[in-house]
Amino acid sequence: EQITGRMQMIKPTIGRVVLYKAVERDQPWPALVSYVYSDRCINLGGFTHLGEPFARTSVTLCQDAKEPSTGQAFWMPYQKEAAAKAEAAKV
C-alpha cells in the first residue's frame, strides 16, 4: 500500500516505539504499540512528559504528515529513514 510516491507505509508491529501527539503538550510522548488493528490503526501504551503511564486505543498512525494532528501517532524520523533505505536497497 503506497502512502506517497516514494515510500511504502511502515507496518506497525507490537512492541515498536512511536511518538504520540498529545492534546496537552507541544512535544510528543513516547509510546509502544500494544495492539495492531491495521497499518493505520493501533493501540498504545506510553509515558507522559512527567513519566506517568498512559494508554490510548484506536489511534491513527500517520507516516508522512509534516505536522501530525492531536491524538495521532507517528514514526520517528530515523525509523522513516531506515525504512526508505531498506526499500531503496530492494530496487
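The paragraphs below set out a description of the structure included in this document. A quick note: this is a predicted structure, and the numbers were derived from the prediction, not measured.

The five strands lie next to each other as 1-2-3-4-5, forming a closed barrel whose pairing is mixed. Taking the axes of each pair of neighbouring strands and ignoring which way they run, one obtains an average angle of 50° across the sheet. Two strands pair when backbone bridges link them, and strand 2 (residues 29-38) and strand 3 (residues 41-47) are joined in this way by six bridges, in the antiparallel orientation. Along strand 3, the bridge assignment pairs S38 with C41.

Right, let's talk about the packing of aromatic side chains for a bit. Applying the stated criterion across every chain, the model contains four aromatic pairs. Judged by centre distance (6.5 Å) and plane angle (35°), the ring pair of Y20 and W29 falls under tilted. The residues Y20 and W29 share a single accessibility class, namely buried. Where W29 meets F54, the ring centres are 5.1 Å apart and the plane angle is 50°; that geometry is what we call tilted. Of this pair, W29 sits in strand 2 while F54 sits in strand 4 (residues 53-62); the two residues are 25 residues apart in sequence, bridging distant segments of the chain.

With that settled, consider the pairing of strand 4. Here six bridges tie strand 3 to strand 4, and the two strands are oriented antiparallel to one another. If you follow G45 over to strand 4, its bridge partner there is A55. Hairpin geometry of strand 3 and strand 4 is characterised by an intervening segment of five residues between the two adjacent antiparallel strands and by a positive phi of about 80° at G51. In this sheet, strand 5 (residues 72-74) lies alongside strand 4 in parallel orientation, the contact comprising three bridges. Along strand 5, the bridge assignment pairs T60 with Q72.

What counts and what doesn't
Residues numbered from 1 in each chain as written. Predicted model: local features only at pLDDT ≥ 70, side-chain atom pairs only at ≥ 80, totals over all residues. Heavy atoms only, no water. Pairing = 2+ DSSP bridges. Helix = DSSP H or I, 4+ residues; strand = E, 2+ residues; numbered from the N terminus. Axes fitted to C-alpha atoms, helices over the stretch in contact; angles between N-to-C directions. Phe/Tyr/Trp six-rings, centres within 6.5 Å; stacked < 30°, edge-to-face > 60°. Buried < 20%, exposed > 50% of the residue type's maximum accessible area, 1.4 Å probe, protein only.

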